[in-house]
Amino acid sequence: MGSDERRLDGNAVGGLLGEIFPLDMTMANIRCAGCNAVEPIGAETVYMDAPGMVIRCMHCGNVLLTVVRGEGHYWLEMRGATWLQMAAPSSPGESTYDGT
Amino acid sequence: MERTTVLGRLTWRVGQVVKTKAETARAKSLVLEFPDWPGHRAGQHVDIRLTAEDGYQAVRSYSIASPPDDRQVTVTIERLEYGEVSPYLVDEIQAGDPLEVRGPIGGYFVWETALGGPLFLVGGGSGIVPLMAMIQHRVARANDARIRLLYSARSLEDVIYRTELEGLAKRSGIEVIYTYTRSQPPGWTGYQRRIDQAMLGEVALAREEHPLIYICGPTPLAEGASNGLVALGYEPARIRIERFGPSGR
């Protein structure tokens, strides 16, 4: 089967990333170190059947984040991403800058 | 921008199948109850985990069909002939059986009334499932967002929620346009091809209405529809897609 049919999106990795992070990571913004585009992980393209799970930039195809689970550990390789931005939970008295 | 809420890390919980319903020859709905369901949003999915006697586990994702307004959680599963998980869920599991579930998952492919409308929904095959949750949520809240659905199915017999959609069209003004890609009912004068840009140009809500667009289906359909709408001038930022892979998503 061609890679076109195997391509999924960041919605598919919500479960795995939810094992690691206590936040909904499909709404986390990630910045591509290749083309500087910023998108929520839910919009990025994903391959689940590589060794591990690979999130690629929807614009340029750069590998943003790879997650492998093995030997009792999670391994996150994210050299293709400049940053990850997650909405912090709001608490009383806190300013609510949300990046927009 | 919507804010995320702290969910805590996702963990597995055991629910019970309280009812099953055949939707088509290949698709079945499972109505689930949990002692501790935290609630969900329209468009979210769950992961379902099966464990074999030898300890082997398989996990697949399935969209939630029921709106947040329901107490029970309904998932609709289509059987993939060589699947590891879907044949069991469609052919074997029965009311009363336990089921291991993780979720709800996802905040991206989600619609809630605060996001407003109008909505243009595009579904292919079982891609209708999360869109159904959105439609029912809008109806349950008596929200006035206009909804138009373009639904691609192989044939009339393959349409999931056929009766429900008929009722929603009559009672709640949901506009439904079908295309039957493999065989058509006698006398059919509607679309009988895969979704393409020309079709989208004819049926999509007008650009001037700035519709929010949700597309769910197999990867080629989802990407084709999304690219077609962008080429027609729809705003990429208002298009959300969820691709189904060969393993059930």
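Residue indices begin from 1 for each chain and proceed along its sequence in written order. Whichever chain is written first is A, and whichever ligand is written first is 1; the rest continue in order. Local features are withheld for residues below a pLDDT of 70 in this predicted model, meaning they are given only at 70 or higher, and side-chain atom pairs are given and counted only at 80 or more; totals for whole chains, interfaces and linings count all residues. Derived side-chain values reflect all non-hydrogen atoms in the structure, with water molecules and hydrogen atoms excluded from consideration.

Section: the overall build of chain A
Part 1 of the argument: Starting at the N terminus, helices and strands are each numbered in turn, a helix being any DSSP run of H or I of at least four residues and a strand any DSSP run of E of at least two. Across its full length, chain A carries two helices and eight strands.
Part 2 of the argument: When the elements of chain A are put in sequence order from the N terminus, they spell out α-β-α-β-β-β-β-β-β-β.
Part 3 of the argument: Going through the 100 residues of chain A one by one, you find that 45% of them count as buried.
Part 4 of the argument: Any two residues whose heavy atoms approach within 4.5 Å are treated as being in contact. By sequence separation, contacts in chain A at least 24 residues apart represent 48% of the contacts at least 6 residues apart. Any residue under 20% of the maximum accessible area for its type is buried, any over 50% is exposed, and the rest in between are partly exposed; the area is computed with a 1.4 Å probe on protein chains only.

Looking at the overall build of chain B
Part 1 of the argument: Broken down by element type, chain B carries five helices and eleven strands.
Part 2 of the argument: Over its C-alpha atoms chain B spans a radius of gyration of 18 Å, differing by no more than 12% from the 18 Å that the globule rule assigns to 249 residues.
Part 3 of the argument: Along the longest, intermediate and shortest principal axes, the C-alpha atoms of chain B span 55 × 45 × 30 Å.
Part 4 of the argument: Positive charges are assigned to Lys and Arg, negative charges to Asp and Glu, while His and the chain termini are left out of the count. Here the site of a charge means atom NZ of a Lys, CZ of an Arg, CG of an Asp or CD of a Glu. In chain B, which carries 29 positive and 30 negative side-chain charges, the distance between the mean positions of the two groups comes to 3 Å. As defined in this context, the radius of gyration uses C-alpha atoms, and a globule is described by 2.2 Å times the residue total to the power 0.38.

A closer look at the sheet that holds strand 2 (residues 29-32) of chain A
All names here are of chain A.
Part 1 of the argument: Ordered by their spatial adjacency, three strands build an open sheet running 3-2-8, and the pairing between neighbours is antiparallel. The sheet terminates laterally at strand 3 (38-40) and strand 8 (81-85), the two strands that pair on one side only. Between one strand axis and the next, the sheet turns by 20 degrees as a mean value, whatever way the strands run.
Part 2 of the argument: Alignment of strand 2 against strand 3, held across three bridges, turns out to be antiparallel. By the bridge assignment for strand 3, R31 is matched with V38. Two strands qualify as a pair provided that DSSP identifies no fewer than 2 bridges between them. Each axis is a line fitted through C-alpha atoms, and for a helix only the stretch in contact is used; angles between axes span 0 to 180 degrees, taken between their N-to-C directions.

Quick word on unusual backbone geometry
Part 1 of the argument: G103 of chain B connects to P104 of chain B through a cis peptide bond whose omega is 5 degrees.
Part 2 of the argument: In this structure, P104 of chain B sits in strand 6 (residues 98-105).
Part 3 of the argument: Of note, the amide linkage connecting G117 of chain B to P118 of chain B takes the cis form, showing an omega dihedral of -10 degrees.
Part 4 of the argument: Relative to the assigned elements, P118 of chain B resides in the loop between strand 6 and strand 7 (119-124).
Part 5 of the argument: You will see that N36 of chain A, though not glycine, has its phi angle at about 70 degrees, which is positive.
Part 6 of the argument: With a phi close to 60 degrees, Y161 of chain B is a non-glycine residue in the positive phi region.
Part 7 of the argument: Here Y161 of chain B shows up in the loop between strand 8 (147-153) and helix 3 (162-172).
Part 8 of the argument: When its relative accessible area of 4% is taken as the criterion, Y161 of chain B is described as buried.

Focus: the state of the cysteines
Disulfides are covalent bonds that link the sulfur atoms of two cysteine residues.
Part 1 of the argument: By disulfide we mean two sulfur atoms from cysteines, separated by a distance within 2.5 Å. With the rule as written, the count across this model stands at zero disulfides over all chains.
Part 2 of the argument: For the unlinked cysteine C32 of chain A, the closest cysteine sulfur is that of C60 of chain A, found at 3.7 Å.

Section: the pairing of strand 10 (residues 212-218) of chain B
Residue and element names in this part refer to chain B.
Part 1 of the argument: A large share of strand 10 lies buried, amounting to six of its seven residues.
Part 2 of the argument: In terms of strand pairing, strand 7 meets strand 10 through five bridges, oriented parallel. When the bridges of strand 10 are listed, L119 appears paired with L212.
Part 3 of the argument: As paired strands, strand 10 and strand 11 (residues 239-244) are joined by six bridges and run parallel to one another.

Some details on the nonpolar core
All names here are of chain B.
Part 1 of the argument: Nonpolar cores were defined as sets of buried Ala, Val, Leu, Ile, Met, Phe, Trp, Tyr and Cys residues, with membership established by side-chain atoms within 4.5 Å. L121, Y151, L165 and Y214 are the most contacted members of the largest nonpolar core, which totals 31 residues.
Part 2 of the argument: Where a domain begins and ends is set by an automatic assignment or by a domain database. Two domains each put at least three residues into this core: domain 1 (12-105) and domain 2 (113-244).
Part 3 of the argument: When neighbours within four sequence positions are excluded, Y214 is seen to be in contact with F109, V110, W111, L115, L119, F120, L121, V122, L131, M134 and R240.
Part 4 of the argument: If you look at the next biggest cluster of nonpolar residues, it comprises 20 residues, including L50, A58, I64 and V85.

Brief notes about the environment of S86 of chain B
All names here are of chain B.
Part 1 of the argument: Note on placement: S86 falls in helix 1 (residues 86-92).
Part 2 of the argument: S86 gets classed as buried once you look at its relative accessible area, which sits at 3%.
Part 3 of the argument: Not counting residues within four places of it along the chain, the set of residues in contact with S86 comprises Y62, I77, E78, R79 and L80.

Things to note about the confidence of the model for chain B
Part 1 of the argument: Per-residue confidence for chain B gives a mean pLDDT of 94; residues scoring 70 or more make up 96%.
Part 2 of the argument: The ipTM, which scores confidence in the relative placement of chains, is 0.88 for this predicted complex, and the corresponding pTM is 0.93. Each residue gets a pLDDT score, which is the predictor's confidence in that residue and runs from 0 to 100.

Here we look at the sheet that holds strand 7 (residues 73-77) of chain A
Residue and element names in this part refer to chain A.
Part 1 of the argument: Strand order in the open sheet made by the five strands is 1-4-5-6-7, with antiparallel pairing throughout. Strand pairing shows two members of the sheet lacking a second neighbour, strand 1 (8-9) and strand 7, which therefore form its edges.
Part 2 of the argument: Pairing of strand 4 (residues 45-47) with strand 5 (residues 53-56), which is carried by three bridges, proceeds in the antiparallel orientation. Bridge pairing in strand 5 links Y47 to V54.

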